[in-house]
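Residue-level structure breakdown
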Amino acid sequence: MPATEPGASAAASSASPAEIVVRGLRKRYRVGGRDVDALRGLDLEVRGTGFVAVMGASGSGKSTLLHLVAGLDRADGGEIEVAGQRVDRMSEAELTLYRRRTIGVVFQQFNLLPTLTALENVTLPGVLDGMDRKALEERGRSLLADLGLTERAHHRPEALSGGEQQRVAIARALLFEPRVLLADEPTGNLDSNTSERLWELLKRVVHARSILVLMVTHEPAAAAHCRTVHVLRDGLFAGSFDVDGIQSSNAASGASQGLESHVASQLALRAAELGRAPR
Ligand SMILES: Nc1ncnc2c1ncn2[C@@H]1O[C@H](COP(=O)(O)OP(=O)(O)OP(=O)(O)O)[C@@H](O)[C@H]1O
Ligand SMILES: [Mg+2]
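The rules behind each value
Residues numbered from 1 in each chain as written. Chains lettered and ligands numbered in written order. Predicted model: local features only at pLDDT ≥ 70, side-chain atom pairs only at ≥ 80, totals over all residues. Helix = DSSP H or I, 4+ residues; strand = E, 2+ residues; numbered from the N terminus. Buried ≥ 20, exposed ≤ 12 C-beta atoms within 10 Å, placed from the backbone. Contact = placed C-beta atoms within 7 Å. Near = placed C-beta within 6 Å. Nonpolar A, V, L, I, M, F, W, Y, C, P; charged D, E, K, R; others polar. Pairing = 2+ DSSP bridges. Core = buried A, V, L, I, M, F, W, Y, C linked by C-beta atoms within 7 Å. Domains from an automatic or database assignment.

So, the overall build of the protein chain
In terms of helices and strands, the protein chain carries nine helices and ten strands. Of all 279 residues assigned to the protein chain, the portion counted as buried reaches 42%. Residue pairs at least 24 apart in sequence account for 72% of intrachain contacts in the protein chain once pairs closer than 6 positions are excluded.

Focus: the site of ligand 1
Tyr29, Val31, Val36, Ala38, Gly56, Ser58, Gly59, Ser60, Gly61, Lys62, Ser63 and Thr64 make up every residue found near ligand 1. Breaking the shell around ligand 1 down by element, the ones donating at least two residues are strand 1 (18-31), strand 2 (34-47) and helix 1 (62-69). For the shell around ligand 1, the element with the highest residue contribution is helix 1, accounting for three residues. Here the residues of the shell around ligand 1 sort into four nonpolar, seven polar and one charged.

Quick notes on the environment of tyrosine 29
Note on placement: tyrosine 29 falls in strand 1. Sequence separation between tyrosine 29 and aspartate 76 is 47 residues, and the spatial gap between their C-alpha atoms is 9.6 Å. Those residues in contact with tyrosine 29, other than ones at most four positions away along the chain, are Val36 and Ala38.

A look at the environment of glutamate 92
Relative to the assigned elements, glutamate 92 resides in helix 2 (residues 92-101). Taking C-alpha positions, glutamate 92 is 9.2 Å from glycine 71, a pair spaced 21 residues apart along the chain.

Side note on the pairing of strand 10 (residues 236-242)
Strand direction decides the pairing type here: strand 9 (residues 228-233) and strand 10, joined by six bridges, are antiparallel. Bridging across to strand 10, histidine 230 finds its partner in serine 240. Turn length for the strand 9-strand 10 hairpin, with the two strands adjacent in sequence and antiparallel, is two residues, and the turn residue aspartate 234 shows positive phi of about 50°.

Description of the nonpolar core
Counting 71 residues, the largest nonpolar core has Val69, Leu182, Val213, Leu214, Ala223 and Val229 as the members making the most contacts within it. Of the domains in this structure, domain 1 (10-102 + 178-275) and domain 2 (114-177) are the two that each give at least three residues to this core. If we ignore the near neighbours within four places in the chain, the residues touching leucine 182 are Leu66, Val69, Ala70, Ile103, Val105 and Leu214.

Remarks on unusual backbone geometry
Working note: non-glycine residues mostly have negative phi, and peptide bonds are mostly trans. The phi torsion at glutamate 177 lies on the positive side, around 50°, for a residue other than glycine. Looking at the element boundaries, glutamate 177 is found in the loop between helix 5 (162-173) and strand 7 (180-184). We classify glutamate 177 as exposed; it has 12 C-beta atoms within 10 Å.

Geometric values such as these leave the question of function open.
The structure is reproduced here in structure tokens:
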């Protein structure tokens, strides 16, 4: 059964086409003569814009899903459609363009080049694509400004904090104005103050540019910023829930503990319930 979007808001009504559609997705890894079925026929639909989380126990297939949707690896079966394009049918050349133009990717290892400045790291994909240097530099500066890094444009990664490096990686992922941003544990290495500041900046950019962000996270505090949480269990879709629903029911009950930590603990509970194997 495909996942529907309980959190679909007016901006993401059921009339809008699903930005990401995954059907019957299968991926098997072979390690030391043993097969590991990371995805076993996963169905998932994600519509609209804004932030959507993928949660689930370690090993449930979250990163595998993101890699396949990002076109970084091939599936063993099933379909992947992103922004109307069939990723599973693309040639290598088409995948290269897809990765550059349609999506942006932010993984936990920021993969910044140590010898380049922040601005050079952000604009590098455009340089490789043969874009006009001057236009690129303007765009790079504007993205760095959006992410609060104007003063850091000429720093090399070693002279940037973890949160700043993360923001450079996000700016780079946004260089080609992707419709879809795929992120694996984007705030995983950051302290809570840094990650809250990143969220503020990211929300502004994502909403201003109408981007869909599909992000894998273990952190309820991160999922609390999303509108919907999809849960994976053993390589299959286990269910989804609406984060706004949890927030408004908590607001209505006037939770005495901080609203945010209350929402986070409820989110963690719901995700754990869905992710637990049935007895
Ligand atoms: N390159 C690989 N080679 C072999 N097995 C792999 C590979 N990548 C993942 N796996 C296996 O596939 C399963 C799913 O892995 P995946 O990385 O997708 O899980 P995950 O949900 O992202 O977990 P985590 O929360 O720990 O990051 C795991 O059992 C893992 O050991
Ligand atoms: Mg993972």
